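# Notes for the structure review
What follows is the residue order along each chain.
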Amino acid sequence: QPQLAGDFGTLMVWADKGRRMKVRTNAETPADCAVAREFGAEGIGLCRTEHMFFDPARITAVRQMILSENEKGRRAALERLLPEQRSDFVEIFRIMSGLPVTIRLLDPPLHEFLPHREEDYQEVAQASGVSIDVLKRRVGELHEFNPMLGHRGCRLGITYPEIYEMQARAIIEAALAVADETGEAVVPEIMIPLVMTTREFELMKAVVDKAAEAVFAASGKRLDYLVGTMIELPRAALMAGEIAEQAEFFSFGTNDLTQTTLGISRDDAGKFLSAYVDKGVLPKDPFVSIDVDGVGQLVSLAAERGRAARSGLKLGICGEHGGDPASIAFCEKTGLDYVSCSPYRVPIARLAAAQAALRASK
Ligand code: PEP
Ligand code: MG
């Protein structure tokens, strides 16, 4: 594994000897994956797939898919998106060869995909053969007052399962291709976002499994893969025991878990949070450091209930807190298997994980 050079590199080697938790990264571009590997990331804990869909070469097909009124139209658009999605994952699996990669199925705020400018509408109309008037009506129907609490995460997979089917197919096809090419096993970890009930997870896992089986049947090859869930809603944390009977790993999405536990919008918190910290209402910015009394309790409880239902359940964290030393210390105490943070925070996380482990062993 590449190491950082000089004294800092030596310090990192010492840190690695002292730590128990693995350090993964949140990365979705080949460039970020390469940087994270250089910094010693031991896998990807969160590969978000939303930005891939914003690629200017793909956005018209994405809009066509979202705005289509029927499954046939959505499938036609997804068929166009599949090859590029497959090559996204091929590149990532290649760079991360030999390391675990968790890919999260689509979790967009839907409104960001909708067309706004007249020329966007014209492009979609041309590609889909649907009139601009119909497209505008559809955009009106899809409008949400609060997209962060709206039609996102696996809710999108429940209403349009064909999106997750395309992504799962792309992941499995890419994993088979890279395993062939490198001779190394690729074990993709497919993650379902914003799960709230066991049934949601069950339905989404069935979509993934069906897509994987179709790829295996067509290629005559097989590989192992895992299907797990984000725990980022209080209800999911409370139901962790039941969910763990179905899910093969948990990753704590502490950004959304903080937003939904405290009822504070992650996008608007900046307007008043500093006053809250100054006046001692909250000890720290809860979007930076895990709010131990609220979110922390839910994380511990979910870890406990999850592991009671499935011994050895793999547990990680992929919210921003995964790169914050105080939160990393909390994760060590809670017994998580890994933290995942942005590429440039990987060295900090390696050090913080070692400090936490050493402190815990005293
Ligand atoms: C989270 O909610 O903590 C998370 C990692 O997902 P995202 O930030 O993409 O919502
Ligand atoms: Mg989230």
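Everything quoted here is computed from the prediction, not taken from an experiment.

### What about the coordination of the magnesium ion (ligand 2)?
Surrounding the magnesium ion (ligand 2) are the protein donor atoms Glu232 (OE) and Asp256 (OD), at 2.0 to 2.1 Å. Separated by 24 residues along the polypeptide, Glu232 in the loop between β5 (226-231) and α11 (234-238) and Asp256 in helix α13 (residues 254-262) bring together distant segments of the chain. Note on accessibility: Glu232 and Asp256 belong to one class, buried.

### Some remarks on the site of ligand 1
Near ligand 1 you find 13 residues, and of these Arg48, Arg104, Gly253, Asn255 and Arg266 are the closest. The separation between an oxygen atom of ligand 1 and a polar main-chain atom of Asn255 is 2.7 Å. Protein chains bury 96% of the 290 Å² of accessible surface belonging to ligand 1 in isolation. When residues in the shell around ligand 1 are grouped by element, the largest group, three residues, is from α13.

### A word on the nonpolar core
Grouped together as the largest cluster of nonpolar side chains are 99 residues, with contacts concentrated most on Phe53, Phe93, Ile172, Ile192, Tyr225 and Phe250. Among the elements that line this core, the one with the most residues is helix α9 (residues 161-182), at 11 residues. Discounting residues that sit within four places of it in the chain, Ile192 has contacts with Leu105, Cys154, Phe201, Met204, Val208, Val227, Gly228, Thr229 and Met230.

### Observations regarding the side chain of Asp120
Mapped onto the elements, Asp120 comes out in helix α6 (residues 118-128). In this structure, Asp120 is in contact with Arg63 and Pro115, ignoring residues within four places of it in sequence.

### Considerations on the pairing of strand β1 (residues 22-26)
In terms of burial, β1 is a largely internal element, four of the five residues being buried. In the sheet, β1 pairs with strand β8 (residues 338-341) via four bridges, with the strands oriented parallel. Bridge pairing in β8 places Lys22 opposite Tyr338. Pairing between β1 and strand β2 (residues 44-47): two bridges, direction parallel. Bridged to Thr25 within β2 is Ile44.

### Quick notes on the sheet that holds strand β4 (residues 188-192)
One closed barrel accounts for eight strands, arranged β1-β2-β3-β4-β5-β6-β7-β8; its pairing is parallel. Averaged over all pairs of adjacent strands, the angle between their axes in this sheet comes to 25°, without regard to strand direction.

### Points about the UniProt feature "binding site: substrate" (unreviewed entry) in the protein chain
Mapped onto this numbering, the UniProt entry gives "binding site: substrate" (unreviewed entry) at Arg48, Arg104, Glu232, Gly253, Thr254, Asn255 and Asp256. Mapped onto the secondary structure, Arg104 falls in strand β3 (residues 101-104). Classification of Arg104 by relative accessible area gives buried; the value is 5%. Beyond its immediate chain neighbours, meaning those up to four positions away, Arg104 contacts Leu46, Cys47, Arg48, Thr49, Glu50, Met191, Pro193 and Met230. Its location among the elements puts Asn255 in helix α13. Given the relative accessible area of 8%, Asn255 is considered buried. Not counting residues within four places of it along the chain, the set of residues in contact with Asn255 comprises Arg48, Arg266, Phe287, Gly319, Glu320 and His321.

### Notes on the packing of α6 against helix α7 (residues 132-142)
Close contact between α6 and α7 brings their axes to 9 Å; oriented N to C, the two are set at 110°. Between α6 and α7, the crossing angle belongs to the class labelled roughly perpendicular. At the point where α6 passes α7, the crossing takes the right-handed sense. In contact with Glu118, Tyr121, Gln122, Val124 and Ala125 of α6, α7 contributes Ile132, Leu135, Lys136 and Val139. Looking at the contact of α6 with α7 residue by residue, the class counts come to six nonpolar, one polar and two charged.

### What about unusual backbone geometry?
One non-glycine residue, Leu194, adopts positive backbone phi at about 55°. Secondary-structure assignment places Leu194 in the loop between β4 and α10 (198-219).

### Structural notes on the environment of Leu142
The topology assignment puts Leu142 in helix α7. It is 7.9 Å that separates the C-alpha atoms of Leu142 and His111, two residues lying 31 residues apart in sequence. Contact partners of Leu142, with chain neighbours within four places excluded, come to Ile66, Leu67, Leu110, Leu114 and Tyr160.

### A few points about the pattern of salt bridges
As enumerated under the stated definition, the model contains 34 salt bridges in all. The partner of Glu189 in a salt bridge is Arg24, with the nearest N and O atoms 3.1 Å apart. Of this pair, Glu189 sits in strand β4 while Arg24 sits in strand β1; the two residues are 165 residues apart in sequence, bridging distant segments of the chain. The burial state of Glu189 is the same as that of Arg24; both residues are buried. Here Arg63 and Asp120 are joined by a salt bridge, their closest N and O atoms 3.7 Å apart.

Conventions we followed
- Residues numbered from 1 in each chain as written.
- Chains lettered and ligands numbered in written order.
- Predicted model: local features only at pLDDT ≥ 70, side-chain atom pairs only at ≥ 80, totals over all residues.
- Heavy atoms only, no water.
- Donors = N, O, S within 2.8 Å, 3.2 Å for Na, K, Ca; no water.
- Helix = DSSP H or I, 4+ residues; strand = E, 2+ residues; numbered from the N terminus.
- Buried < 20%, exposed > 50% of the residue type's maximum accessible area, 1.4 Å probe, protein only.
- Near = heavy atom within 4 Å.
- Polar contact = N/O pair within 3.5 Å; in protein donor to acceptor, adjacent residues only side chain to side chain.
- Areas by Shrake-Rupley, 256 points an atom, 1.4 Å probe, with all protein chains shown as cover.
- Core = buried A, V, L, I, M, F, W, Y, C linked by side-chain atoms within 4.5 Å.
- Contact = heavy atoms within 4.5 Å.
- Pairing = 2+ DSSP bridges.
- Axes fitted to C-alpha atoms, helices over the stretch in contact; angles between N-to-C directions.
- UniProt positions renumbered as here; feature names shortened; annotations may be inferred.
- Parallel < 35°, antiparallel > 145°, perpendicular 65-115°, else oblique.
- Left-handed = near helix turned anticlockwise from the far one by under 90°.
- Nonpolar A, V, L, I, M, F, W, Y, C, P; charged D, E, K, R; others polar.
- Salt bridge = Lys/Arg side-chain N within 4 Å of Asp/Glu carboxyl O.

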